[in-house]
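Chain residues, written in single-letter form:
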Amino acid sequence: MSQKLILKISSLNTNANQLSETQEGALAIAKNVVIDKDSVAESRRGLNYLADPFASSLSRVDRLTSYQDHIIDRRSNDDVLAYYVSGSGWTDLSGTYLNPDDDYARMRFVQASGNLYFTTSLGVKVLDVYTGPVYSTGMPQGLDGTIALSGASGFLTGSCQVAYRVLWGSRDSNNNLYLGAPSQRMIISHSGGTDHDVQLTITIPEGITTSDFIQVYRSRLSASSTDEPNDELQLVYEANPTSGEITAKSLTFIDSVTTSLMGAYLYTNSSQEGATEANAQPPLAKDIAEFKGFMFFANVQTKQSLTINLLSIGGTNGLDVNDTITINSVVYTGKAAETVASAEFKVTTSGSAAQNIEDTAKSLVKVINQYTSNTSIYAYYESGYQDLPGVIRLEKRTIDGAQFTVSVSAGSETAWDLDDGESDNSTYINGLMWSKIQQPEHVPYSHLEFIGSKNYPIRRIVALRDSLFILKDDGVFRLTGTNGVWSIDPLDTSTKIIAPDSAVVVNNQIFCLSDQGIVAISDIGVEVKSRPIEDQIQDLISEDYTNLKTLSFGINYETDRKYILFTIASDSDTYCTQAFVYNTFTNAWTKWNRNVTHGFVNVTDDKLYLSHATSENVYQERKSFNFTDFVDEELTGYNITAVSGATITLDSLTNIDVGDILYQSSTIYSIITDFNPGSSTVTVDSTVSFTVAAASILKAIDCELEFTNAPFDNPGVMKRFAEVDWLFREKSFNEATASYYTDLSGGYESTT
């Protein structure tokens, strides 16, 4: 046969017909290498330990990201977040933060409006500065208040009514403004005579600080004392609460603003955004993503709530003094006078039937909200001006998913409509919610769409430039549109994501592990990328490994043009042990071997970071653009005790292997070619000026290439080759072993 020269190295390709369909230069093994240039295989860059490990040897990291040029982690052993400062190490942030769930929805991070948002089991949290503290997102809804006439003169003239709503607001360190949802309306009637101002006493929600502020909005005066005022409200008061008011859980002020001096309009007025656009706090979400200035929340859950109705006061069937109502194990007692500190609400009997119900219900609402032993429930009086009185909505203060119950004392059951006495929440596993534009913490309840079948949850949402993709168990869906007007269509109902954490954006495509293999998703559809290694991917998928779905994760390395899928190798793996690496320019696959739990590319220094699976260390990619880029960990603590030519005596040979580098400085280093445990000596490949002093070991990267069988156009004819030449651009190694296998040899024959 004529001589044939092969100069190609194409890709890891273990899924082809080796007799007729194998690419020229295809590889059966491509271990710890990259093919970033056409037909050139190189060692991957090395990984060294980040300078400062965690203080505890038990610390294990399962989330890594960066914010404000600092690495942020979540430790799985104690559910703590920490930030890293070079030279001083890791500092824990206050609090504990659990994943939304540890199976399919581990913590996700998104940066928007200068802040870092992340999902937890108690809803979306936020950092506005890397040192903390961590906040809950959004502002609580305004609570109850009481109003009364005040003074001998004022703006409230003639026979009329006036209405109020209050809301709470804040600004963060990045100058983002947050306004909560307004309270229910509070109306006061003036029957005529002397003009008055109005005194308001407002309940302060839990979590409000002296840097937050209250805003009070007021209506114009109604036409008469029997006419309900409209709901076009304007600002009449704004202030920061004092520490004393926060402790007392209430704030009192007198409104004396004349009508002509009323300020800005309330954003929920019908002339503004409308009541359906009230700024509710974000829901608990299994995933979040930012798209075209909107924050999206997927697989959502709202707070537990229950609406109850007080039906009557006194008489045979009504509520009486000393009757009780128990809400989430806290007992509230009806009395002739209101005493918040004793959980006693006032049972009013002096007015009309409707007025008695309203006043009693409002007293109960106030006591619930201000009673210090109640730390879990808020109450809102829901009855409007022309509604039946006595409707109260009870709601958990946090999104923890746990139900609460309500019961009443024996004999008072007919005074209440408790429904079934058990709270519930709205859980939409296929639900997608979104914020207002450029307001990631303002999420109206009306901003909700359902994607695909309600029986299949949303696993991930990932944004590209022009579309938001929703990855579910029943396919891939695409959201497009602008300004909050969205169109949602199925893109590919035959592709189902397997490992939610594997989905990342590379080169404006979403790469992920699906039931079709590793695919790239874009506006034009879904393309399988893992065909050359399909046998290996399908072997993993077909075993239905639980840990494959929960532990696998993807990394986007844009400047290296890589998608890196870390995954397990067997069902017994409790962390990732291998990585499939794809170069989007050369279309080449290779494999790396590393035991890790998570990783990312830090935009600050454009380096890869990986969390060590079995120690308290985090790996940092070597990227100095010299020979040290191509070694792994630097092991310290060694001492040279004697030097004799190329024979070096060390105080320990622990963890040293042939091929490692003995290193004392950038000019004093050499490759270890042999070692003798009996004499505690190593032999190096070149005589350099080692001194009796401290030294370190730079671990070698074990690279391996195996080309697939080469039939040379005719697999039916026997061939004989006299020589094989290996071409290296640079010999950055001391020794390599070349092994050869033929159909006749029955095994490998090796040459050093």
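Notes on the structure follow. (Residues numbered from 1 in each chain as written. Predicted model: local features only at pLDDT ≥ 70, side-chain atom pairs only at ≥ 80, totals over all residues. Heavy atoms only, no water.)

1. Considerations on the packing of aromatic side chains
Here's step 1: This structure, assessed with the given rule, holds 25 aromatic pairs.
Here's step 2: Here phenylalanine 291 and tryptophan 486 contribute two aromatic rings whose centre-to-centre distance is 6.1 Å and whose plane-to-plane angle is 45°, an arrangement assigned as tilted. Of this pair, phenylalanine 291 sits in strand β21 (residues 284–291) while tryptophan 486 sits in strand β36 (residues 485–492), and the two are 195 residues apart along the sequence.
Here's step 3: A relative accessible area of 1% means that phenylalanine 291 is categorised as buried.
Here's step 4: Through successive ring pairs, a cluster of aromatic residues spans Phe291, Phe294, Phe296, Trp434 and Trp486.
Here's step 5: It is arginine 459 that lies over the ring of tyrosine 104; its NZ or CZ is 3.8 Å from the centre. (Phe/Tyr/Trp six-rings, centres within 6.5 Å; stacked < 30°, edge-to-face > 60°. Helix = DSSP H or I, 4+ residues; strand = E, 2+ residues; numbered from the N terminus. Buried < 20%, exposed > 50% of the residue type's maximum accessible area, 1.4 Å probe, protein only. Lys NZ or Arg CZ within 6 Å of the ring centre and 35° of its normal.)

2. A short note on the pattern of salt bridges
Here's step 1: Taken as a whole, this structure holds 40 salt bridges when the rule is applied.
Here's step 2: Between arginine 63 and aspartate 501 there is a salt bridge; the shortest N-O distance is 2.4 Å. Remark: aspartate 501 occurs in the loop between β36 and β37 (504–506) and arginine 63 occurs in strand β5 (residues 61–67); sequence separation between them is 438 residues. Neither arginine 63 nor aspartate 501 differs from the other in exposure class; each is buried. (Salt bridge = Lys/Arg side-chain N within 4 Å of Asp/Glu carboxyl O.)

3. Thoughts on the sheet that holds strand β31 (residues 427–434)
In a beta sheet, neighbouring strands pair by backbone hydrogen bonds and run either parallel or antiparallel.
Here's step 1: Read from one edge to the other, the open sheet built from four strands follows the order β21-β22-β31-β32, with strand pairing classed as antiparallel. If you trace the sheet from one side to the other, it starts and ends with β21 and β32 (448–450), each paired once. The sheet shows a mean angle of 25° between the axes of neighbouring strands, direction not considered.
Here's step 2: Bridge analysis of β31 against β32 gives three bridges, and the strand direction is antiparallel. Across the sheet, leucine 432 pairs through a bridge with glutamate 449, a residue of β32. (Pairing = 2+ DSSP bridges. Axes fitted to C-alpha atoms, helices over the stretch in contact; angles between N-to-C directions.)

4. Topic: helix α3 (residues 534–542)
Each α-helix turn comprises 3.6 residues. Residues three or four places apart therefore point the same way.
Here's step 1: Residues of α3 that are buried: Glu534, Gln536, Ile537, Leu540 and Ile541. Burial along α3 is one-sided: seen end-on, the buried residues are contained in an arc of 165°. The exposed set on the far side of α3, more than 90 degrees from its buried face, consists of Asp539 and Ser542.
Here's step 2: The elements touched by buried residues of α3 are β38 (509–514), β39 (517–522), α4 (546–551), β42 (562–567), β43 (576–583) and β44 (588–602).
Here's step 3: Where α3 terminates, the next one or two residues include aspartate 544, which has phi positive at roughly 55°. (Arc of directions from axis to C-beta. Contact = heavy atoms within 4.5 Å.)

5. Side note on the environment of methionine 433
Here's step 1: Note on placement: methionine 433 falls in strand β31.
Here's step 2: Residues methionine 433 and glutamine 234, 199 residues apart in the sequence, show an inter-C-alpha distance of 29 Å.
Here's step 3: Setting aside chain neighbours within four positions, we find methionine 433 in contact with Pro283, Met295, Phe296, Phe297, Val300, Val443, Pro444, Tyr445, His447 and Leu448.

6. Digging into the environment of threonine 339
Here's step 1: Mapped onto the fold, threonine 339 is located in the loop between β25 (330–335) and β26 (344–346).
Here's step 2: Classification of threonine 339 as partly exposed rests on a relative accessible area of 31%.
Here's step 3: Remark: the alpha-carbon pair of threonine 339 and valine 367, spanning 28 residues in sequence, is separated by 7.8 Å.

7. Here's the deal with the pairing of strand β22 (residues 294–301)
Here's step 1: The element β22 is extensively covered by neighbouring structure, given that eight of its eight residues are classed as buried.
Here's step 2: When β21 meets β22, the two strands line up antiparallel, connected through seven bridges. Of the residues in β22, the one forming a bridge with leucine 284 is glutamine 301.
Here's step 3: Bridging between β22 and β31 involves five bridges; their strand directions are antiparallel. Looking across to β31, one finds that valine 300 is bridged to tyrosine 428.

8. Considering a negative patch on the surface
Here's step 1: On the surface, Asp417, Asp419, Asp420, Glu422 and Asp424 cluster together into a negatively charged patch.
Here's step 2: The residue aspartate 424 is located in the loop between β30 (416–417) and β31 in this model.
Here's step 3: Residue classification places aspartate 424 among the partly exposed residues on the basis of a relative accessible area of 48%. (Patch = residues over 30% accessible without salt bridge, like charges linked within 9 Å, V, L, I, M, F, W, Y side chains within 5 Å. Areas by Shrake-Rupley, 256 points an atom, 1.4 Å probe, with all protein chains shown as cover. Lys, Arg positive; Asp, Glu negative; His and termini not counted. Charge placed at Lys NZ, Arg CZ, Asp CG, Glu CD.)

9. Some words on helix α2 (residues 353–370)
Here's step 1: Taking 1.5 Å per residue as the helical rise, α2 with its 18 residues ought to reach 26 Å, and the 26 Å between its terminal C-alpha atoms agrees with that figure.
Here's step 2: Regarding α2, the residues found buried are Asn356, Ile357, Thr360, Ala361, Ser363, Leu364, Val365, Lys366, Val367, Ile368, Asn369 and Gln370. (Expected span 1.5 Å × (residues − 1).)

10. What about the side chain of aspartate 323?
Here's step 1: With respect to the secondary-structure elements, aspartate 323 resides in the loop between β23 (305–310) and β24 (324–327).
Here's step 2: Ignoring anything within four residues of it in the chain, the contact list for aspartate 323 reads Gly318, Tyr332, Thr333, Gly334, Ser409 and Ser412.

11. Notes on unusual backbone geometry
Here's step 1: The peptide bond linking glycine 132 to proline 133 adopts the cis configuration, its omega dihedral lying at 5°.
Here's step 2: Tracing the sequence through the fold places proline 133 in the loop between β11 (125–127) and β12 (135–136).
Here's step 3: Although it is not a glycine, aspartate 69 sits at a positive phi angle of roughly 65°.
Here's step 4: Relative to the helices and strands, aspartate 69 resides in the loop between β5 and β6 (70–75).
Here's step 5: Within the chain, serine 329 stands out as a residue other than glycine whose phi angle is a positive 75°.
Here's step 6: Looking at where serine 329 falls in the secondary structure, it is placed in the loop between β24 and β25.

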